[in-house]
Amino acid sequence: RGDTKLTVPPPPGFEVGGLPGVSRGYSERIANTPHWKRMAVSTYEERMVENETRYPFSSTRPGQYDIRYLPKPDHLAAKPLLEVGEPHEIPALEVPVIFLVDLFDTEHNRYFGRKGQTVYVSRGFAKDELLPQRYAIYATPEAYELLGMPVIDHKIHEQIPKNRKEHLKLLEKQSWEEEQWKSTIEYLFRKYEAGPPEADVAEEWNGEEDVASSASGSGKGTEGIARKGPIKQRKARKV
């Protein structure tokens, strides 16, 4: 496929619409043609046109990297999490685990989790402390099925946030999917089951205030005078 050049092999199959996984093009015809014959049937100008490159971009797929210059040929299956030049701001994620025992935290005098309970814990804590000692296992659908519990798919690491903002959005999404009761009308208005609270409506102020009770109303004969509007604060003049 694409083996139309005189002196160079064709591009990899994926570059011209084939399957990914191979990062080199091969031509049986050119492999069996001696070098002198390839040079004899082509001119220098033709060889320069055939050897032209758009490194590191593909010459057949505009806007994409050439598969020959990628670290892994199958870039769809092994896609890097961070692009080139993107800062590493991946937060420490929490993963759900199913506790197999009642694990008590003696330092804070509370339970890490009860047997059969699903708890979100730090990824490093689960990997270093819980899993090696068989205190808990990852809360995957297969684990729920093996334990004989209702199967729940928490979608562990299906979407990895790249920064703090994306992490907060993911937590909101998880909260909505796994704890929808927190967004029900009954829960949001649980304080007002007996009806709306009585509103404390104070008397509306009509803009009048007693000068005698204000800070600047200390002159003589101002006890019974009511002025409209707020008191204007004037700056002191320099002497």
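Refer to the preceding data block for the structure.
So, a few notes on the structure that sits alongside this text. Bear in mind that the values here come from a model prediction, so they are computed numbers and not experimental data.

**Structural notes on the overall build of the chain**
Each helix and strand counted, the chain has seven helices and seven strands in total. Going residue by residue from the N terminus, the α and β elements of the chain occur as α-α-α-β-β-β-β-α-β-α-α-α-β-β. Relative to its 239 residues, the chain shows a buried fraction of 20%. For the chain, the computed accessible surface area is about 19200 Å², with 54% contributed by carbon and sulfur atoms.

**Describing the layout of surface pockets**
Empty space within the largest pocket amounts to approximately 540 Å³. Tyr 120, His 154, Leu 170, Leu 171 and Gln 174 are the residues nearest the centre of the largest pocket, which is lined by 24 residues in total. For the lining of the largest pocket, the leading source of residues is helix α6 (residues 164–178), giving eight residues. For the lining of the largest pocket, the residue count by class is nine nonpolar, seven polar and eight charged.

**Observations concerning the pattern of salt bridges**
Two side chains carrying opposite charge are able to pair once their charged atoms lie near each other. In this structure the tally under the stated criterion is four salt bridges. Its salt-bridge partner being Asp 66, residue Arg 68 comes within 2.8 Å of it at the nearest N-O pair.

**Digging into a nonpolar patch on the surface**
Judged by side-chain polarity, Ile 185, Leu 188, Phe 189 and Tyr 192 come together as a nonpolar surface patch covering roughly 430 Å² of accessible area. By secondary structure assignment, the location of Tyr 192 is in the loop between α7 (185–188) and β6 (208–210).

**Details of the side chain of Arg 47**
Mapping Arg 47 onto the fold places it in helix α3 (residues 44–50). Buried within the structure, Arg 47 lacks any salt-bridge partner; its nearest side chain of opposite charge belongs to Glu 46, at an N-O separation of 6.8 Å. A distance of 3.4 Å separates a polar side-chain atom of Arg 47 from the backbone oxygen of Met 39. When neighbours within four sequence positions are excluded, Arg 47 is seen to be in contact with Thr 7, Met 39 and Ser 42.

**With respect to α6**
The terminal C-alpha atoms of α6, which comprises 15 residues, lie 21 Å apart, in line with the 21 Å expected from a rise of 1.5 Å per residue. Within the sequence span of α6, burial applies to His 167, Leu 170 and Gln 174. For α6, the angular spread of the buried residues around the axis is 60°, confining them to a single face. Residues of α6 that are exposed and angled more than 90 degrees away from the buried face: Lys 165, Lys 169 and Glu 172. In this structure, the buried side of α6 is in contact with β4 (118–122). Looking at where α6 begins, the residue whose side-chain oxygen comes 3.3 Å from the main-chain nitrogen of Lys 165 is Asn 163.

**Observations concerning the nonpolar core**
Note on soluble globular proteins: their nonpolar side chains tend to be buried together. One finds Val 95, Val 97, Phe 99, Leu 103, Val 119, Val 121, Ala 126, Leu 130 and Ala 136 forming the largest nonpolar core, which totals nine residues. In terms of residue count, the dominant contributor to this core is strand β1 (residues 94–99) (three residues). Apart from residues lying up to four places away in sequence, Val 95 is in contact with Val 119, Tyr 120, Val 121, Arg 123, Ala 126, Tyr 138, Ile 156 and His 157.

Reading the values: rules and limits
Residues numbered from 1 in each chain as written. Predicted model: local features only at pLDDT ≥ 70, side-chain atom pairs only at ≥ 80, totals over all residues. Heavy atoms only, no water. Helix = DSSP H or I, 4+ residues; strand = E, 2+ residues; numbered from the N terminus. Buried < 20%, exposed > 50% of the residue type's maximum accessible area, 1.4 Å probe, protein only. Areas by Shrake-Rupley, 256 points an atom, 1.4 Å probe, with all protein chains shown as cover. 1 Å grid on protein atoms, 1.4 Å probe; cavity = no way out; pocket = protein on both sides within 12 Å on 5 of 7 lines; lining within 4 Å. Points joined across faces, edges and corners; volume = space filled by probe spheres on them. Nonpolar A, V, L, I, M, F, W, Y, C, P; charged D, E, K, R; others polar. Salt bridge = Lys/Arg side-chain N within 4 Å of Asp/Glu carboxyl O. Patch = residues over 30% accessible without salt bridge, like charges linked within 9 Å, V, L, I, M, F, W, Y side chains within 5 Å. Lys, Arg positive; Asp, Glu negative; His and termini not counted. Polar contact = N/O pair within 3.5 Å; in protein donor to acceptor, adjacent residues only side chain to side chain. Contact = heavy atoms within 4.5 Å. Expected span 1.5 Å × (residues − 1). Arc of directions from axis to C-beta. Core = buried A, V, L, I, M, F, W, Y, C linked by side-chain atoms within 4.5 Å.

Functional significance is not addressed by these values, which are geometric in nature.
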